[in-house]
Amino acid sequence: MKVEINGGQAFAHLQVELAPGESIVTESNAMSSMDANIDLTAQLNGGLVRGLLRKYLGGETLFISRFSNNTQEPRSLYLVQPTPGDIRCVDIDENGLFLQGGAFLACTPEVKLGVKWAGIVSFLAGEGLFKLYAHGNGKLWYGAYGALVDKEVDGEYIVDTSHLVAWQPGMELKLQLAGGLFSSIFSGEGLVTRIEGNGKITIQSRSLSGLGSWLNPKF
Amino acid sequence: MYNLILTGKLEPGTNPRDALAGLAKLLKVDDAKAREIVRNAPVCIRRNTDAAMAERVVAAMKAIGIRIQLEPVAAAPAADGLAGTGVGTGVGTGVGTGEVASTAGAANAVSVAKTTNSAASAKPARPEQPSTSLKVIAGGKPAAANPVDKAQTPDSQQTAQAPHTPAAPESFKGFRYQLSGQPDYCFISVEIPAGETIKVEASAMASMTTNMLMKTRAKGGLSRFMSGESVFINEFTADTVPGEIGIAPGSPGDVKHLYLDNEEVFLQNSAFVASGMGVVAESKWQGFTKGFFSGESLFLIRCSGQGDLWFNTYGAMIEIDVAGDYVVDTGNIVGFTSGLDYDIQSVGGYKSLFFSGEGLVCRFRGHGKVWIQTRSVPAFASWANWYRPVKKK
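Note that the structure is a prediction, hence the values are computed from the model and not measured.

### Here's the deal with the sheet that holds strand 4 (residues 31-34) of chain A
Residue and element names in this part refer to chain A.
Argument step 1. If you trace the 4 strands from one edge of the open sheet to the other, you get 1-2-7-4, paired in antiparallel fashion. Each end of this open sheet is capped by a strand with a single partner; those strands are strand 1 (2-6) and strand 4. Adjacent strand axes in the sheet meet at a mean angle of 20°, parallel and antiparallel pairs treated alike.
Argument step 2. Pairing analysis gives 5 bridges linking strand 2 (residues 13-18) to strand 7 (residues 75-79), with the strands arranged antiparallel. Looking at the pairing, leucine 14 lines up with leucine 79 of strand 7.

Rendered as structure tokens:
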């Protein structure tokens, strides 16, 4: 399988070439165009009940798509994400990777996708009840709004809740107020995530709430 | 042999105050001195130490919660080839001083560059040995360059003849910072020395170290309120140890950094992102004729004083040196320097004002710089406005 990330940082997309017999799993409606004889099968995203829970409480889709090339020739397709922004490819191993809801774009079939309960506090912070957990051996592509910036967490670190995209397991996430009560209400920062442990996190360099607060006064 | 570098980082779960007290006790200095040492971190606290001694110091420091980094040293002073004076390319940020301990000639040499604006005397144990090379890095840019690479570039060889250039920390200006995600979604990471403070636009903080304390202040008052911006601004202070903050502006676009040295820059209302504490940012009434027609708002932000200033654009940024007259569409102005006078005009009579779509422009006169953005916010707003959901009654 050959996958290229094209389109620059602002409007990144994937160009996928499937060799005969290969397939790729994607978020539903991620496909923008493809060769006509690639087969699409929709599959439930982790069981019906969990899938429904995720759809209505976690802001994720109920189905994920599987594109297979059952012909004798290489075939290609293009995958896009809904937000403007960057896409990144990561190698997934047994340690796995956590993704914020909505960040997942595509993965090779060997990667197992699961959901983990993120806690009621996460839901209150507007981040959904579930987080995606990917593990196995393969490649995964995820994207976000804005550029993707890596941070090495060594001990503890604070991230604005709407900027966190991906993080390695073994770190604990806690929600806290950004400052005192007054500051937290009027600063525009509100709740922040405190990350404890050692590992790598990825944040997006823009957030939808930031866009809103910039644009709304202009209307 | 090792050099011991105090990184300024703490072990997880350590109270910074306890760590400082412990450090003061360990080094047999008073609290103020210990604070100064940490403030200057990363700093080399001991040179050419053997492995056993190094291990003891690391263990002792770890016990009080302070992290020490070991840096291998070549036994012989083989560091001649490393005496590179790398001149960075920081834009308008001045040049800081850095110090690289004598290192093995290998590519994995750890470079410890230090830039602070406090006196060099605060650094303990800095013998001027022949094997000690000095490295100058740009204050505004990260010390990403590996010393070996620096030494190989021809222009750094020319400037490498003075390894004993006296360190002049006074010449360092501003905070060290790094821009990533340019040009579409620029992200700013700023390193804040202990005790220093940075002003950041409300809700622009994206990430920070846990020792950054936030304080919210009202700013600009009525004018900000009227223009729909947040009337608050946040101040982040690095408590006790150096910290780091990641800043994400709201609009998609680029970021420009300036170091103001008692200069004045005018910014469009929403362009301000962050500044050092020496910069005074205040809203300035533009007057009805200038302000009302300039598309954005009745107010400009006047930034003056001394310190770092970061501002952002919507779209890409173009910097224009103006000498004489220059015309900019009102929606595309980001900022301009104070040497310029301006007024608002229509491009070609009133007919074109209503029908050409060009409408009003800003005509600058004099000498100075104008920064423009390649997209206009009012144009975006009017384009997006059609697609905004309508509330059903």
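### Structural notes on the sheet that holds strand 2 (residues 43-49) of chain B
Residues and elements named next belong to chain B.
Argument step 1. The strand order across the open sheet formed by 3 strands is 2-1-3, and the pairing between neighbours is antiparallel. Each of the sheet's edge strands pairs with one partner strand only, and the pair in question is strand 2 and strand 3 (66-72). Between one strand axis and the next, the sheet turns by 30° as a mean value, whatever way the strands run.
Argument step 2. Bridge count for strand 1 (residues 2-10) against strand 2 is 4 bridges, and the pairing is antiparallel. By the bridge assignment for strand 2, leucine 6 is matched with valine 43.

### Details of a nonpolar patch on the surface
Residue and element names in this part refer to chain A.
Argument step 1. Side chains of Leu177, Leu181, Phe182, Ile185, Phe186 and Leu191 sit close together on the surface and give an oily, nonpolar patch of about 580 Å² of accessible area.
Argument step 2. Considering each element in turn, the nonpolar patch owes the most residues, 4 residues, to helix 3 (residues 181-186).
Argument step 3. With respect to the element layout, leucine 191 can be found in strand 17 (residues 191-204).
Argument step 4. Judged by its relative accessible area of 35%, leucine 191 is partly exposed.

### Remarks on the interface of chain B and chain A
Argument step 1. Each partner contributes to the interface: chain B provides 47 residues, whereas chain A provides 40 residues.
Argument step 2. Carbon and sulfur atoms make up 59% of the area that chain B and chain A hide from each other, which totals about 3400 Å².
Argument step 3. Ranking the residues of chain B by area buried against chain A places Tyr185, Thr210 and Met214 of chain B at the top, with a combined share of 20%.
Argument step 4. Where chain B touches chain A, the interface holds 1 salt bridge.
Argument step 5. Scanning the region where chain B abuts chain A turns up 14 residue pairs in polar contact (both at pLDDT 80 or more).

### Notes on the packing of aromatic side chains
Argument step 1. What the rule picks out here adds up to 14 aromatic pairs over all chains.
Argument step 2. Among the aromatic residues, those joined into a ring-pair cluster are Trp214 of chain A together with Tyr314, Phe380, Trp383 and Tyr387 of chain B.
Argument step 3. Its end group placed over the ring of phenylalanine 98 of chain A, lysine 131 of chain A keeps NZ or CZ at 4.7 Å from the ring centre.

### Points about the confidence of the model for chain B
Argument step 1. On average, residues of chain B carry a pLDDT of 70, and 63% of them reach 70 or more.
Argument step 2. When the criterion is pLDDT under 50, residues 75-171 of chain B qualifies, and its contacts beyond four places in sequence or with other chains add up to 167 contacts.

### Quick look at the pattern of salt bridges
Oppositely charged side chains can form a pair if their charged atoms are brought close together.
Argument step 1. The full count for this structure, using the stated rule, is 17 salt bridges over all chains.
Argument step 2. Put simply, lysine 174 of chain A and glutamate 196 of chain A hold a salt bridge, and the shortest N to O gap is 3.3 Å. Of the two residues, lysine 174 of chain A sits in strand 16 (residues 172-177) while glutamate 196 of chain A sits in strand 17, which places them 22 residues apart along the sequence.
Argument step 3. For lysine 174 of chain A, a relative accessible area of 36% gives the class partly exposed.
Argument step 4. Between arginine 302 of chain B and glutamate 282 of chain B there is a salt bridge, with its nearest N and O atoms 2.7 Å apart. Taken together, the positions of arginine 302 of chain B in strand 16 (residues 299-312) and glutamate 282 of chain B in strand 15 (residues 279-285) put the pair 20 residues apart, joining distant regions of the chain.
Argument step 5. Judged by its relative accessible area of 23%, arginine 302 of chain B falls in the partly exposed class.
Argument step 6. Within the structure, one salt-bridge network assembled from shared partners comprises Glu156, Lys174, Arg194 and Glu196 of chain A.

What counts and what doesn't
- What you see as residue numbers is a count from 1 along each chain, following the sequence as written.
- Lettering of chains starts at A and numbering of ligands starts at 1, both following the order in which they are written.
- Owing to the predicted nature of the model, reporting of local features is limited to residues with pLDDT of at least 70; listing and counting of side-chain atom pairs is limited to 80 or more, with chain, interface and lining totals taken over all residues.
- For side-chain calculations, the full set of non-hydrogen atoms in the structure is used, while hydrogens and water are omitted.
- At least two DSSP bridges between two strands are needed for those strands to be called paired.
- In DSSP terms, a helix is any run of H or I states spanning at least four residues, a strand is any run of E spanning at least two, and both are numbered starting from the N terminus.
- Here the axes come from fitting lines to C-alpha atoms, over the contacting stretch only for helices, and the angles between their N-to-C directions go from 0 to 180 degrees.
- Surface patches are drawn from residues lacking salt bridges whose relative accessible area is over 30%; two like charges belong together within 9 Å, two nonpolar side chains (Val, Leu, Ile, Met, Phe, Trp, Tyr) within 5 Å.
- We get accessible surface area from the Shrake-Rupley algorithm with a probe of 1.4 Å; when it comes to residues, only the shown protein chains can shield them.
- Salt bridges are defined by distance alone: a side-chain nitrogen of Lys or Arg within 4 Å of a carboxyl oxygen of Asp or Glu.
- Relative accessibility decides the category of a residue: with a 1.4 Å probe and only protein chains considered, values under 20% of the type maximum give buried, values over 50% give exposed, and everything between is partly exposed.
- In this description, contact between two residues means that some pair of their heavy atoms is separated by no more than 4.5 Å.
- Two parts placed together each lose some accessible area under a 1.4 Å probe, and the buried area is that loss summed for both.
- Counting of polar contacts relies on pairs of N or O atoms within 3.5 Å, with two restrictions inside protein: one atom must be capable of donating a hydrogen and the other of accepting it, and residues adjacent in sequence are counted only when both atoms are side-chain atoms.
- Side-chain rings of Phe, Tyr and Trp (the six-membered ring for Trp) are treated as a pair once their centres are within 6.5 Å; stacked means planes under 30 degrees apart, edge-to-face means over 60, and tilted covers the remaining angles.
- Here, a charge over a ring is recorded when the distance from Lys NZ or Arg CZ to the ring centre is within 6 Å and its angle to the ring normal is within 35 degrees.
- Per residue, pLDDT measures the predictor's confidence, with a range of 0 to 100.

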